[in-house]
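Take a look at the letters that make up each chain.
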Amino acid sequence: MSPRTGRPTDNPKPYKITVRLDQQAETILETYCKQENVERGEAVRRGIKKLAADIKK
């Protein structure tokens with residue numbers, strides 16, 4: 001039996017963060033998740049990727 005649990009993936013996600021949200025951010029996140037039918041983690045990853053355009057090179 002393998003010591004690892006869960007399904008194998010081509011895109012592992014070993015980094016975990018915890019954030020505190022105000023009411024406005026929570027409402028936006030929940031509304032987006034329902035609209036796009038995605039989990040909160042996926043919505044946050046999408047938001048982070050949108051920040052890439054703002055990075056100064």
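Anything mentioned here points back to the structure above.
Everything quoted here is computed from the prediction, not taken from an experiment.

Peer 1: What's the story with the layout of surface pockets in this structure? I'm lost.
Peer 2: To find leftover empty space, a probe the size of one water molecule is rolled over the atoms. Of the voids in this model, the largest pocket is the one considered here, and its volume is about 500 Å³. If you trace the largest pocket, you find 17 residues lining it, with I17, G41, V44, R45 and I48 closest to the centre. Elements represented by at least two residues in the lining of the largest pocket include exactly α1 (23-36) and α2 (40-50). Classifying every residue of the lining of the largest pocket gives ten nonpolar, three polar and four charged.

Peer 1: I keep staring at the packing of α1 against α2 and nothing clicks. Help me out?
Peer 2: Helix-helix packing is characterised by the crossing angle of the two axes and by the distance between the axes. Running from N to C, α1 and α2 point in directions that differ by 105 degrees, and their axes come no closer than 10 Å. By the angle between their axes, α1 is roughly perpendicular relative to α2. In this structure, α1 uses E26, L29, E30, Y32, C33 and E36 to contact α2, whose residues at the interface are R40, A43, V44 and R46. Residue composition of the contact of α1 with α2, grouped by class: five nonpolar, no polar and five charged.

Peer 1: Would you take a moment to explain the pattern of salt bridges for this structure?
Peer 2: Side chains that differ in sign of charge can pair as their charged atoms come close. What the rule picks out here adds up to four salt bridges. Across the pair R40 and E26 runs a salt bridge whose closest N-O atoms are separated by 3.2 Å. Remark: E26 occurs in helix α1 and R40 occurs in helix α2; sequence separation between them is 14 residues. Classification of R40 as partly exposed rests on a relative accessible area of 38%. Residue R45 pairs with E42 through a salt bridge whose shortest N-O separation is 3.5 Å. Taken together, the residues R45 and E42, both in helix α2 and three residues apart, mark about one turn of the helix. Accessibility expressed as a relative area gives 34% for R45, which makes it partly exposed. We classify E42 as partly exposed; its relative accessible area is 27%. Through salt bridges with shared partners, a single ionic network connects E26, E30 and R40.

Reading the values: the criteria
- Residues numbered from 1 in each chain as written.
- Predicted model: local features only at pLDDT ≥ 70, side-chain atom pairs only at ≥ 80, totals over all residues.
- Heavy atoms only, no water.
- 1 Å grid on protein atoms, 1.4 Å probe; cavity = no way out; pocket = protein on both sides within 12 Å on 5 of 7 lines; lining within 4 Å.
- Points joined across faces, edges and corners; volume = space filled by probe spheres on them.
- Helix = DSSP H or I, 4+ residues; strand = E, 2+ residues; numbered from the N terminus.
- Nonpolar A, V, L, I, M, F, W, Y, C, P; charged D, E, K, R; others polar.
- Axes fitted to C-alpha atoms, helices over the stretch in contact; angles between N-to-C directions.
- Parallel < 35°, antiparallel > 145°, perpendicular 65-115°, else oblique.
- Contact = heavy atoms within 4.5 Å.
- Salt bridge = Lys/Arg side-chain N within 4 Å of Asp/Glu carboxyl O.
- Buried < 20%, exposed > 50% of the residue type's maximum accessible area, 1.4 Å probe, protein only.

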